[in-house]
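Summary of the model geometry
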Amino acid sequence: GAVVSQHPSWVICKSGTSVKIECRSLDFQATTMFWYRQFPKQSLMLMATSNEGSKATYEQGVEKDKFLINHASLTLSTLTVTSAHPEDSSFYICSATPTGGGYGYTFGSGTRLTVV
Amino acid sequence: DAKTTQPPSMDCAEGRAANLPCNHSTISGNEYVYWYRQIHSQGPQYIIHGLKNNETNEMASLIITEDRKSSTLILPHATLRDTAVYYCIVRVEGDKIIFGKGTRLHILP
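Predicted model only: the values in this text are computed from it and were never measured.

This part covers the interface of chain B and chain A. Facing 19 residues of chain B, the contacting portion of chain A comprises 18 residues. For the pair chain B and chain A, the summed buried surface comes to about 1,500 Å²; carbon and sulfur atoms form 54% of the total. Where chain B touches chain A, the interface holds 0 salt bridges. Where chain B packs against chain A, one counts 5 residue pairs in polar contact (both at pLDDT 80 or more). With 3 residues, strand β3 (residues 33-38) of chain B is the single largest residue contributor to the side of chain B that touches chain A. Per-class residue counts for the side of chain B that touches chain A are 8 nonpolar, 7 polar and 4 charged.

Turning our attention to the pairing of strand β1 (residues 4-7) of chain A. Residues and elements named next belong to chain A. Every second residue of β1 is oriented toward a common face, the buried set being V4 and Q6 and the non-buried set S5 and H7. Bridging between β1 and strand β3 (residues 19-25) involves 4 bridges; their strand directions are antiparallel. Across the sheet, residue Q6 finds its bridge partner in β3, namely C23.

Turning our attention to the sheet that holds strand β8 (residues 76-81) of chain A. All names here are of chain A. Taken in spatial order, the 4 strands of this open sheet run β1-β3-β8-β7, and their pairing is antiparallel. Looking at which strands have only one partner, the edges of the open sheet turn out to be β1 and β7 (67-73). For this sheet, the mean inter-axis angle between neighbouring strands, taken without regard to orientation, is 15°.

Enumeration over the complete set of coordinates arrives at 2 disulfides over all chains. Disulfide pairing is shown between C23(A) and C94(A); the S-S distance is 2.0 Å. Taking the sign of the torsion about the S-S bond as the criterion, the disulfide between C23(A) and C94(A), at about 85°, is right-handed. Linking C23(A) in strand β3 with C94(A) in strand β9 (residues 90-97), this pair joins segments that are 71 residues apart in sequence. For C94(A), a relative accessible area of 0% corresponds to the buried category. Disulfide partner of C22(B): C88(B), at an S-S distance of 2.1 Å. For the disulfide bridge between C22(B) and C88(B), the dihedral angle about the S-S bond is near -85°, and by the sign convention the bridge is left-handed. You can see C22(B) sitting in strand β2 (residues 18-23) and its partner C88(B) sitting in strand β8 (residues 84-90), a full 66 residues away along the chain. Here the two residues C22(B) and C88(B) agree in accessibility, since each one is buried. The structure places no disulfide on C13(A), whose sulfur is separated from the nearest cysteine sulfur, that of C94(A), by 18 Å. Under the relative-accessibility criterion, C13(A) is labelled buried at 8%. Between C12(B), a cysteine without a disulfide, and C22(B), which holds the nearest cysteine sulfur, the sulfur-to-sulfur distance is 18 Å.

A separate point is the pattern of salt bridges. For the structure shown, the criterion picks out 4 salt bridges over all chains. D88(A) is paired through a salt bridge with K66(A); the nearest N and O atoms lie 2.9 Å apart. Residue D88(A) is found in the loop between β8 and β9, and its partner K66(A) is found in the loop between β6 (57-58) and β7; the two are separated by 22 residues along the sequence. The partner of K3(B) in a salt bridge is E31(B), and the shortest N-O contact between them spans 2.8 Å. Of this pair, K3(B) sits in the segment before β1 (9-13) while E31(B) sits in the loop between β2 and β3, and the two are 28 residues apart along the sequence. Residue K3(B) is classed as partly exposed on the basis of its relative accessible area of 27%.

A few words now on the nonpolar core. Ranked by internal contacts, the top residues of the largest apolar core, which has 24 residues, are W35(A), F67(A), L79(A), Y92(A) and L113(A). Elements with a contribution of two residues or more to this core: β2 (10-13), β3, β4 (32-38), β5 (45-51), β7, β8, β9 and β11 (111-115) of chain A. Counting 21 residues, the second-largest nonpolar core is a separate cluster that includes C22(B), I48(B), L105(B) and I107(B).

Here we take up unusual backbone geometry. Residue P8(A) is reached from H7(A) by a cis peptide bond, and omega for that bond is 0°. With respect to the helices, strands and loops of the structure, P8(A) is situated in the loop between β1 and β2. Located in the positive-phi region is S83(A), a residue other than glycine, with phi close to 45°. As for its position among the elements, S83(A) is in the loop between β8 and β9. Given the relative accessible area of 34%, S83(A) is considered partly exposed. Of note, the phi angle at S41(B) is positive, near 65°, even though the residue is not glycine. In this structure, S41(B) sits in the loop between β3 and β4 (45-50).

Definitions and cut-offs
Residues numbered from 1 in each chain as written. Chains lettered and ligands numbered in written order. Predicted model: local features only at pLDDT ≥ 70, side-chain atom pairs only at ≥ 80, totals over all residues. Heavy atoms only, no water. Contact = heavy atoms within 4.5 Å. Buried area = accessible area lost by both parts, 1.4 Å probe. Salt bridge = Lys/Arg side-chain N within 4 Å of Asp/Glu carboxyl O. Polar contact = N/O pair within 3.5 Å; in protein donor to acceptor, adjacent residues only side chain to side chain. Helix = DSSP H or I, 4+ residues; strand = E, 2+ residues; numbered from the N terminus. Nonpolar A, V, L, I, M, F, W, Y, C, P; charged D, E, K, R; others polar. Buried < 20%, exposed > 50% of the residue type's maximum accessible area, 1.4 Å probe, protein only. Pairing = 2+ DSSP bridges. Axes fitted to C-alpha atoms, helices over the stretch in contact; angles between N-to-C directions. Disulfide = S-S within 2.5 Å. Core = buried A, V, L, I, M, F, W, Y, C linked by side-chain atoms within 4.5 Å.

In structure tokens form, the structure reads like this:
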């Protein structure tokens, strides 16, 4: 089945630094990937849609200059949290769907970001 | 906004069938109903999806009412490992998946 790999699974960084999270589709190509954020005891919140070869589409209220998304190939999307602050501490999750359709959405295992 | 309504939590005895309801009264004719679950601190896991007909796979069964305004996910023999938050989702705006609050299912030993 389709597998999405997310790396790292957890990261601790100092306030003011930037952190990059990778999302890879291992056995399929994904023109579109999605990034979510989840705070404790809350549901997943869609942050942005990542499109291969073009700019990401951000949801309302998500700062695109703070959450930089790059989707340079059909199997890799990255989310960079720039100038991270403690309030950015959260669980970040990506998902992908195969290029050309298909009904499935496969999710990564998530990245736990803690900013100290 | 999520287009589905689910109870916030449910309990089920281990070994019994868990029946999780979902209301999606505004679903469009070409929208599918998907079910995912999220075990603590993991990414969501696909369970099943359907359009009109009832569906069954190795994990669960999905019962969709004839008017498609509601559905029920059935886990036939719940185990402790089925403890999770279950999300009922309808596809919106093409590819985006918008999560609602889901149902927190507790399996009781």
